[in-house]
Amino acid sequence: MIEVAGLRKSFGTHVVLDGVSLEVGAGEIVALTGPSGCGKTTLLRCVNGLERADAGTIRVDGHEVPTGAAGAAHGANDRALLAIRRRVGFVFQTWNLFAHRTVLDNVIEAPVHVASVPVAEATLRAQALLERVGIAARAGARPHQLSGGEQQRAAIARALAMNPTALLLDEPTSALDPGRRRELAALLRGLVDDGLALLCVSHDPDFARELRARVLVMVAGKIAPAPS
Amino acid sequence: MRRRGAGATVRLALCATAPLIVILILGRGRDASAESALERIHHAGELRWGGDRQGGEPYVYEDPAHPDELRGFEVDLAAALARELGVKPRFVQNDWSTLVPSLERGTFDIALNGLEVTPARAGRIAFSRPYYLFAERLVTRALDQPRLHDLASLRGQRVGTLASSLAWDMLLAAGAAPVPYEGVDEPFIDLEHGRTAAVLLDDIIVDRYEPRHPALRVAGDLGEGQYAIGVRPADRDLLVAIDGALDRIIARGELRRILAGYGLDGPRQGRIAHATGPSEPAAASVPAPFAPVGPRPLDHHQLLLFLQAAVATLLISTAAMALAIPLGVVLALARLYLPRVRGLAVAYIEVVRGTPVLLQLYLLYFGLAGVLSLDAWTAAIVGLGLNYAAYEAEIYRAGIQAIPVGQMEAALALGMTRRLALRRIVMPQALRVALPGMTNDFIALLKDSSLVSVITVVELTKRMTITAVDLRGWLAPGLLCAAMYFAMSYPLARLARRLERRLGGA
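Residues numbered from 1 in each chain as written. Chains lettered and ligands numbered in written order. Predicted model: local features only at pLDDT ≥ 70, side-chain atom pairs only at ≥ 80, totals over all residues.

Caption draft 1: Geometry of the overall build of chain B. When helices and strands are tallied, chain B shows 18 helices and 10 strands. For chain B, the residues scored as buried account for 42% of the 506 residues in total. (Helix = DSSP H or I, 4+ residues; strand = E, 2+ residues; numbered from the N terminus. Buried ≥ 20, exposed ≤ 12 C-beta atoms within 10 Å, placed from the backbone.)

Caption draft 2: Quick peek at the overall build of chain A. In terms of helices and strands, chain A carries 7 helices and 10 strands. The proportion of buried residues among the 228 residues of chain A is 45%. The long-range fraction of contacts in chain A, counting pairs at least 24 apart against all pairs at least 6 apart in sequence, stands at 67%. (Contact = placed C-beta atoms within 7 Å.)

Caption draft 3: Region of the structure containing the sheet that holds strand β7 (residues 158-162) of chain B. Residues and elements named next belong to chain B. An order of β4-β1-β5-β10-β6-β9-β7-β8 is seen for the 8 strands of this open sheet, with the pairing classed as mixed. Each edge of the open sheet carries a strand with a single partner, namely β4 (88-93) and β8 (177-181). Along the sheet, helix α3 (residues 73-85) makes contact with β1 (46-51), β4 and β6 (126-141), crossing β1 at roughly 155°. (Pairing = 2+ DSSP bridges. Axes fitted to C-alpha atoms, helices over the stretch in contact; angles between N-to-C directions.)

Caption draft 4: Structural context of helix α1 (residues 40-47) of chain A. Residues and elements named next belong to chain A. With 8 of 8 residues buried, α1 lies mostly within the body of the structure. Of all the residues in α1, the buried ones are Lys40, Thr41, Thr42, Leu43, Leu44, Arg45, Cys46 and Val47. Backbone geometry just downstream of α1 places Gly49 in the positive-phi region, at approximately 80°.

Caption draft 5: Fine view of the interface of chain B and chain A. The interface is formed by 16 residues belonging to chain B together with 18 residues belonging to chain A. If one sorts the elements of the side of chain B that touches chain A by residue count, helix α15 (residues 405-413) of chain B sits on top with 6 residues.

Caption draft 6: Focus on the confidence of the model for chain B. Residues and elements named next belong to chain B. For chain B, the average pLDDT comes to 86, and 88% of its residues sit at 70 or higher. In the predicted structure, residues 1-10 sits below a pLDDT of 50 and forms 0 contacts with residues beyond four places in sequence or in another chain. Long-range and interchain partners of residues 278-292, a stretch whose pLDDT sits below 50, account for 45 contacts in this model, where long-range means more than four residues apart. (pLDDT = per-residue confidence, 0-100.)

Caption draft 7: Spotlight on the sheet that holds strand β4 (residues 55-60) of chain A. Residue and element names in this part refer to chain A. Read across the open sheet, the 4 strands follow the order β2-β1-β4-β5; overall the sheet is antiparallel. Both edges of this open sheet fall to β2 (14-24) and β5 (63-65), since each of them pairs with a single strand only. Between one strand axis and the next, the sheet turns through 25° on average, direction left out of account. Where strand β1 (residues 2-11) meets β2, 8 bridges bridge the pair, whose relative direction is antiparallel. Residue pairing in the sheet places Ser10 in a bridge with Val15 of β2. Helix-sheet contacts for α1 involve β1, β2, β4 and β5, and the interaxial angle to β1 is about 115°.

Caption draft 8: Spatial organisation of the packing of α15(B) against helix α16 (residues 418-448) of chain B. All names here are of chain B. It is at 9 Å that the axes of α15 and α16 come closest, and there the two elements cross at 145°. For the pair α15 and α16, the sense of crossing is right-handed. Along the contact surface, α15 presents Gln407, Met408, Ala411 and Leu412, while α16 presents Arg418, Ala421, Ile425, Val426 and Gln429. Here the contact of α15 with α16 is built from residues that sort into 6 nonpolar, 2 polar and 1 charged. (Left-handed = near helix turned anticlockwise from the far one by under 90°. Nonpolar A, V, L, I, M, F, W, Y, C, P; charged D, E, K, R; others polar.)

Caption draft 9: View of the environment of Pro267(B). Residues and elements named next belong to chain B. For Pro267, the position within the fold is in the loop between α10 (254-261) and α11 (300-337). Taking the number of C-beta atoms within 10 Å as the measure of exposure, Pro267 has 6 and is therefore exposed. Sequence separation of Pro267 and Tyr485 is 218 residues, and the distance between their C-alpha atoms is 50 Å.

Caption draft 10: Representation of the pairing of β8(B) in the model. Residue and element names in this part refer to chain B. Most of β8 is tucked away, with 4 of its 5 residues classed as buried. Here β7 runs beside β8; their pairing, made up of 5 bridges, is parallel. Within β8, the position partnered with Leu162 by the bridge is Tyr181.

Caption draft 11: Main features of helix α14 (residues 376-402) of chain B. Residues and elements named next belong to chain B. In a regular helix each residue adds 1.5 Å, so 27 residues correspond to 39 Å; α14 covers 39 Å between its end C-alpha atoms and thus fits that length. The principal kink in α14, of about 25°, is found at Ala389. The buried fraction of α14 is high, at 19 of 27 residues. (Expected span 1.5 Å × (residues − 1). Bend = angle between axes of the 7 residues up to and from the residue.)

Caption draft 12: Representation of the packing of α14(B) against α16(B) in the model. All names here are of chain B. Two elements in contact, α14 and α16, have axes separated by 8 Å at closest approach and are oriented at 150°. One way to sum up the angle between α14 and α16 is to call them roughly antiparallel. Judged by the sense of rotation from one axis to the other, the crossing of α14 with α16 is right-handed. Here Leu384, Tyr388, Tyr391, Glu392, Ile395, Tyr396, Gly399, Ile400 and Ala402 of α14 come into contact with α16, specifically with Val426, Ala430, Leu431, Val433, Ala434, Gly437, Met438, Asp441, Leu445 and Asp448. (Parallel < 35°, antiparallel > 145°, perpendicular 65-115°, else oblique.)

Caption draft 13: Spatial organisation of the environment of Arg236(B). If you trace the backbone, Arg236(B) turns up in helix α9 (residues 236-251). Separated by 198 residues in sequence, Arg236(B) and Leu38(B) place their C-alpha atoms 8.9 Å apart.

Quick look at the structure:
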């Protein structure tokens, strides 16, 4: 579902990704661990095109994410990116909920204004999603009124509202106590069982275990070879 | 011990003498104010005369060859007067429009700068005998010359002149719509471009400036007035001395020689020897110079004019803001997101912010008159709008940059285009940040709109100055004007505060 091969990315002279390859299949969870600054978050951002990789290939659900120097095919690349992003949900470490909107409005924003789903239909679906992540009671609240855990779930509901085939999570447990962490793991497992591909950056081994994820270790811009 | 003792003695001596010094200073002050005006001038050895060198040729102007020296028939007259009084002349620069209040508060001894004897002025200050007789000269476009030739034919027409002048009063009395100018060439520029139907000004001004405009014709003289020297009513001995000095200067033919030196002498000036005091100007009767009329109260007519002017201020400000907001948004977005035109946007913002709005209004209205003939209201709105757009742009840029980059990234990650993300996610939040600055700007604009009076629009501040001259007092019109500005800006501030709370949701 997510296929990354030979991915390279530098910021100036600083090499962040030095030939990364990995695959995440449908219904599979991959946890990417490694020391801070090893390039985990940059890899996630390259997969949905928030950063443009310098070289290598990224394929999501059969669609290619543009890499390399942006050339003449700029417009076509942009359209390809928009198509990819509708298939890939992204949950930021800091959640980045739209601060001026209620939780419900955060969730229906993209279906209504990107996928042109009628508001009534999007609202019904959003309520079901909020129910599933367990914050239906907070639908009318503004992001700043929520706890960290609630914002986390709202951000997941917002990402799921676009019916993605893959979900990228960046350090989802950084604001959670162990109890909440186990709840989140159960929620994500349920989603994956429905066929979602899930790539999760985390350096919490307990969480990886609870997710029953395949663990990849990243060191200095490369995936470390699996211990045999 | 010795040192300390000496210090104590000095301190004691100071304590003892301090009250004495105070008494001496106060005493001197009292003596000075008891001095008559003439004694004071003799004591100082100089006659301070107020005028405006911006009035230009031939009144008072800088000698092109020696810019630190003043020339003009009034400079020569002041020198002759000072000589008669046995003192030296000293010129005091003062805006022409505030010569009378400055005289009243004692900035100079006499006002000598084309001051026409009008009832409003004669009610506040004393006038000497006249030193120049002028005609109120009517100028029209060549084509209109047969149609517009007397006061009756000007009824309902827009006629340019200087605010608070004799011509202004004549035009009002004749039912014309006088258009107020602050400079002497601008009335002719506007007449040439069809913004007014005619210009009525003193013959000196018409003779100097009308020939520069070949499409214009002198249609005739509609009345006669006098230039006289303004003196504070309390300084009677000075007035008598000035009149005496003028008598002698006129009697030995010196005045006419001065006038002739500037091409101003003519048959009309032959009568000046017999014009002993402010006689009857054409349109209005003038009270005797020794019987100043006190300030008049505001009546309901004045109040109505004030309300109209407040509406003008509000309309101009609102329309200018309505132009500045969208243009400011475009400039801010161009500066942030369109690298190809970023340089243009930055250049616009910096040039417009970096030059005075007064200058921009002048350029737009008078400078471009040949290319782009905007009427005064349009020029006022467009000029202020273009100017404030630059400030708005920077407020919006700051607002947009204050929104965490994660908000844009979250929107992009959901498949939004950058444009949609800006419109739906970033801009609404930036508006909340920008709103206090916008309110600030709008309140500043309300007051800056008073600048458009330089391009003949009568708004609240202009109305105040006109009324103040009419009523012979600045306090009541000034307070009324201030109250009206406040009545407009305060509710605006409250409204903006409520809007902020609604947008903030907190």
